[in-house]
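Overview (structure and organization)
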Amino acid sequence: MELSVHSDEHFMKQALKQANIAFEKGEVPVGAVVVAENRIIARAHNMTEQLTDVTAHAEMLAITAAFDAIGGKYLNECTLYVTLEPCNMCAGALYWAQLGKLVFGASDQKRGFTLNPKNLLHPRTEVVRGLLENQSESLLKQFFAQLR
């Protein structure tokens, strides 16, 4: 049996599916998946409104589910795919999780971790930005246009 190897784009599309679920629920449309050994081990989307919890960001929920899936507290062999650049809170959690790789779609010009002059991620975390950026931005713009 041949192992199918998925691309970064495949996994980002899975994160976009999670963002669409958030959109349908009236949440800010951010989705995330955590991948280990070319397999999704956790999926999540923003749930801050549903859970009335400001920390219920897609990234936080995904990494918590990933810890449960692997039975440990470090994600150094994992990749997080998320449709929006993580905020400082999420970047801090990713630091402590020692995430192996972060791939994000849209940049967050107001609250993204890259605006911080100090690198909030673990020094060994590889970062890929802008994957499926247009699709991620489009969903966010559509969501916020409906609020106005």
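This one's a predicted model, so the numbers in the text were calculated from it and none came from an experiment.

1. Observations concerning the overall build of the protein
- When helices and strands are tallied, the protein shows four helices and five strands.
- Order of helices (α) and strands (β) in the protein, N terminus to C terminus: α-β-β-α-β-α-β-β-α.
- Over its C-alpha trace the protein gives a radius of gyration of 14 Å, about what one expects of a compact globule, namely 15 Å for 148 residues.
- Dimensions of the protein, computed from the C-alpha atoms along their principal axes, are close to 50 × 40 × 30 Å.
- Counting all 148 residues of the protein, 46% fall into the buried class.
- Sequence-distant contacts in the protein: of pairs separated by 6 or more residues, those separated by 24 or more amount to 59%.
- Accessible surface computed for the protein: about 8,300 Å², of which carbon and sulfur atoms make up 50%.
- Counting 14 positive and 16 negative side-chain charges, the protein places the averaged centre of each group 3 Å from the other.

2. Focus: the packing of helix α1 (residues 8–24) against helix α4 (residues 133–147)
- Following both chains from N to C, one finds α1 and α4 inclined at 5 degrees, their axes separated by 11 Å at the closest point. Classified by the interaxial angle, the pair formed by α1 and α4 is roughly parallel. Between α1 and α4, the contacting residues are Leu-16, Ala-19, Asn-20 and Phe-23 on the first element and Gln-135, Ser-136, Leu-139, Gln-142, Phe-143 and Gln-146 on the second.
- Per-class residue counts for the contact of α1 with α4 are five nonpolar, five polar and no charged.

3. A word on the UniProt feature "binding site: Zn(2+)" (unreviewed entry) in the protein
- Mapped onto the present numbering, the UniProt feature "binding site: Zn(2+)" (unreviewed entry) falls on His-57, Cys-87 and Cys-90. Annotated residues spanning 34 residues; largest pairwise C-alpha distance 9.3 Å, indicating a single compact cluster.
- Counting through the fold element by element, His-57 comes out in the loop between β2 (39–45) and α2 (58–70).
- Here Cys-90 lies in helix α3 (residues 88–97).

4. Description of the sheet that holds strand β5 (residues 126–129)
- The five strands lie next to each other as β2-β1-β3-β4-β5, forming an open sheet whose pairing is mixed. Every other strand in the sheet has two partners, leaving β2 and β5 as the edge strands with one partner each. Here the strands of the sheet are splayed against their neighbours by 15 degrees on average, with no regard to which way each runs.
- Sheet strands in contact with α4 are β3 (78–84) and β4 (101–106), and its direction is about 55 degrees off that of β4.

Thresholds applied
- Numbering of residues begins from 1 in every chain and follows the order in which that chain's sequence is written.
- Local features in this predicted model are restricted to residues of pLDDT 70 or higher, and side-chain atom pairs are both shown and tallied only at a pLDDT of 80 or more, whereas totals for entire chains, interfaces and linings draw on every residue.
- Note that water and hydrogens are dropped before the side-chain values are worked out from all heavy atoms of the structure.
- The way it works is that DSSP assigns letters per residue, a run of H or I at least four long becomes a helix, a run of E at least two long becomes a strand, and they are numbered from the N terminus.
- As a reference, a globule follows 2.2 Å times the number of residues to the power 0.38, and the radius of gyration itself is taken over C-alpha atoms.
- For every residue, the accessible area obtained with a 1.4 Å probe (protein chains only) is divided by the maximum for its type, and the residue is called buried under 20%, exposed over 50%, and partly exposed between those limits.
- Here, two residues are considered to be in contact whenever any of their heavy atoms come within 4.5 Å of each other.
- The protein chains shown are the only cover counted for residues, whose accessible areas, like all others here, come from Shrake-Rupley with a 1.4 Å probe.
- His is not counted here, nor are the chain ends, while Lys and Arg score as positive and Asp and Glu score as negative.
- For charged residues, the charge sits on one atom: NZ in Lys, CZ in Arg, CG in Asp, CD in Glu.
- Fitted lines through C-alpha atoms serve as axes, helices being fitted only where they are in contact, and the angles separating the N-to-C directions of these axes extend from 0 to 180 degrees.
- Angle categories are assigned with fixed cut-offs, so that under 35 degrees is roughly parallel, over 145 is roughly antiparallel, 65 to 115 is roughly perpendicular, and the rest are oblique.
- Under the scheme applied, nonpolar residues are Ala, Val, Leu, Ile, Met, Phe, Trp, Tyr, Cys and Pro; charged residues are Asp, Glu, Lys and Arg; polar residues are all the others, including Gly.
- UniProt positions are given in the numbering used here, feature names are shortened, and annotations may be inferred rather than shown by experiment.
- What makes two strands pair is DSSP finding at least two bridges between them.

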